[in-house]
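Breakdown of the fold
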Amino acid sequence: MPPKRRPGGLARAAAAAAAAAATASDSAAATEGVPISSSDTRTSKRLKTEDAGHAGDAPASHHNAVLGEGEDDNGDGSSSTLAVQMSGDAGDELTEVKELFESALEKLGGEDMDEGSSLLRAVVHESDRILRSHYEKSDQTADTDASTDAARATVSETTADSKIPTALDPEFHFVYASALYRLGLVSAEDSEDDASSEQLVEYLDAAIHRYERGLELWKDSAPKGTRDWRFAEALARVLTEKANLMLRLEGPKSTKADNLASQSVAHMQAAFDTLMAGRETMENALEECESIASLLARHAELHDELAPHLRWSEKAQSWFKDILQVDQSNIGALKGLGKSYISTANLHLELAESGEMMDSRTVGELVALALENLEKANQLVEAAGEVDTTVLCLLGEALVNKANLFDEAEDKGEANKLYQRAVDCFKKVEQTDPDELPDQFGTFVRDWDEDLKNGRS
């Protein structure tokens, strides 16, 4: 039989912006989306599964409009003119900006990053123009010194809010903030140098200001006791992105990252509670709740120290469990909960490899919990006649971890049975869609088959 398995694995994700991922809160039309994904920077001895994000589709529109003439659309002093298909009534500025943003999301979803980025810049510039046009300019307007989209957004707010003759629709600020957020992610996608990180912080801060302004206006105008979960969820997403960035820049002891994560979780809780309370009448409420829990679970994965990891992973796990309380067959929650348990088990194992004491019983319990949830998720998927490659990758990873524990306990027979089950999961992924099987998993399968062929034990 094949020898003890110590396959190379996918590392826990590092904090990195992934502009190709969209969320429901990003779209002015509240289109369905998925969480932001992260990239790998380290290697591990154990198999790790990562979910790759993708952008949700935005509706196409049909009214032709030209925006961006004379603007610094490219951020380098050059100007361009964008011809955009829009369906709103001519002259309805908010509708036009919303549809322009949806067009940007559509381009990003189709991986046309250049045009998507240009459209996002057009949204930001047009929003800046609309904001200024609603307020009488003072003699101290400082926009001549603002050289970036994010800086212009902040200047506009400072200048405009000093007059406050009227208030723009909260939805305007929501779209403006979402465009700033996405533009920051797109701009930082291909680089992790200090300048790129500083620029991303500017965009994130500008987006936070816009979301907060929109939420403030919404609270002033909304009926007492009502909530708009989208503002809370959007704020949580941007704050989490900034917390992830601070972890990467400042390390695990970052006070800024901790404070940002705490602020984010407060907004997550508000959005989660609103969605759960309205789940009977709100479309896709449980899917949005699962997305919120997954957002926090991914932040927890970025921590290399056990205490902060447990602080956030256990909170995320409690939200997954809340979803399962009202829908025990929710595959997304089962998958998210299983993945979170695997992440915590892997951190225990990695810390042990670096010389720290490990509680084998705790690791075993975490792996068992992961398998319980992932096997149920896979059964539900199979009962529907479908294949979920992410569930299969996660299930295979959990089986490898359990097999490793038996292998270390010198129970080779049981270990090899579990390794074979893991291989079966990975092969099914490969048969369904080879691109969905991470390289490390493919190497694991090939090594296993080679060992069996040669009869090594």
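For the structure on display, the rule yields eight aromatic pairs. Ring centres 5.4 Å apart and planes at 20 degrees place the aromatic pair Phe272 and Trp319 in the stacked group. Here Phe272 is found in helix H7 (residues 255–277), whereas its partner Trp319 is found in helix H9 (residues 306–326), with 47 residues between them in sequence. Residue Phe272 is classed as buried on the basis of its relative accessible area of 2%. Consider the rings of Phe426 and Phe444, whose centres lie 5.9 Å apart with planes at 85 degrees: the pair is edge-to-face. With Phe426 in helix H13 (residues 412–432) and Phe444 in helix H14 (residues 439–454), the pair connects residues that are 18 residues apart, well separated along the chain. Neither Phe426 nor Phe444 differs from the other in exposure class; each is buried. Above the face of the Phe174 ring, Arg230 is positioned so that its terminal group lies 4.3 Å from the ring centre.

All right, on to helix H1 (residues 93–109) then. Helical geometry note: an α-helix holds 3.6 residues per turn, so side chains three or four residues apart project in the same direction. Between its terminal C-alpha atoms H1 stretches 24 Å, which fits the 24 Å expected from 17 residues at 1.5 Å a residue. Turning to H1, its buried residues are Glu96, Val97, Glu99, Leu100, Phe101, Glu102, Ser103, Ala104, Leu105 and Leu108. Looking one or two places after H1, you find Glu111, whose phi comes out positive at around 65 degrees.

Our focus in this paragraph is the packing of H1 against helix H4 (residues 170–188). Helix-helix packing is described using two parameters, namely the angle between the two axes and the distance between the axes. Interhelical geometry of H1 versus H4 gives an angle of 25 degrees and a closest axis separation of 10 Å. When the axis of H1 is compared with that of H4, the two are roughly parallel. For the crossing formed where H1 meets H4, the hand is left-handed. Two secondary-structure elements touch here, H1 through Leu94, Val97, Lys98, Phe101, Leu105 and Leu108 and H4 through Glu171, Phe172, Val175, Ser178, Ala179, Arg182 and Val186. Each residue belonging to the contact of H1 with H4 can be placed in one class, and the counts come to nine nonpolar, one polar and three charged.

Reading the values: the criteria
- Residues numbered from 1 in each chain as written.
- Predicted model: local features only at pLDDT ≥ 70, side-chain atom pairs only at ≥ 80, totals over all residues.
- Heavy atoms only, no water.
- Phe/Tyr/Trp six-rings, centres within 6.5 Å; stacked < 30°, edge-to-face > 60°.
- Helix = DSSP H or I, 4+ residues; strand = E, 2+ residues; numbered from the N terminus.
- Buried < 20%, exposed > 50% of the residue type's maximum accessible area, 1.4 Å probe, protein only.
- Lys NZ or Arg CZ within 6 Å of the ring centre and 35° of its normal.
- Expected span 1.5 Å × (residues − 1).
- Axes fitted to C-alpha atoms, helices over the stretch in contact; angles between N-to-C directions.
- Parallel < 35°, antiparallel > 145°, perpendicular 65-115°, else oblique.
- Left-handed = near helix turned anticlockwise from the far one by under 90°.
- Contact = heavy atoms within 4.5 Å.
- Nonpolar A, V, L, I, M, F, W, Y, C, P; charged D, E, K, R; others polar.

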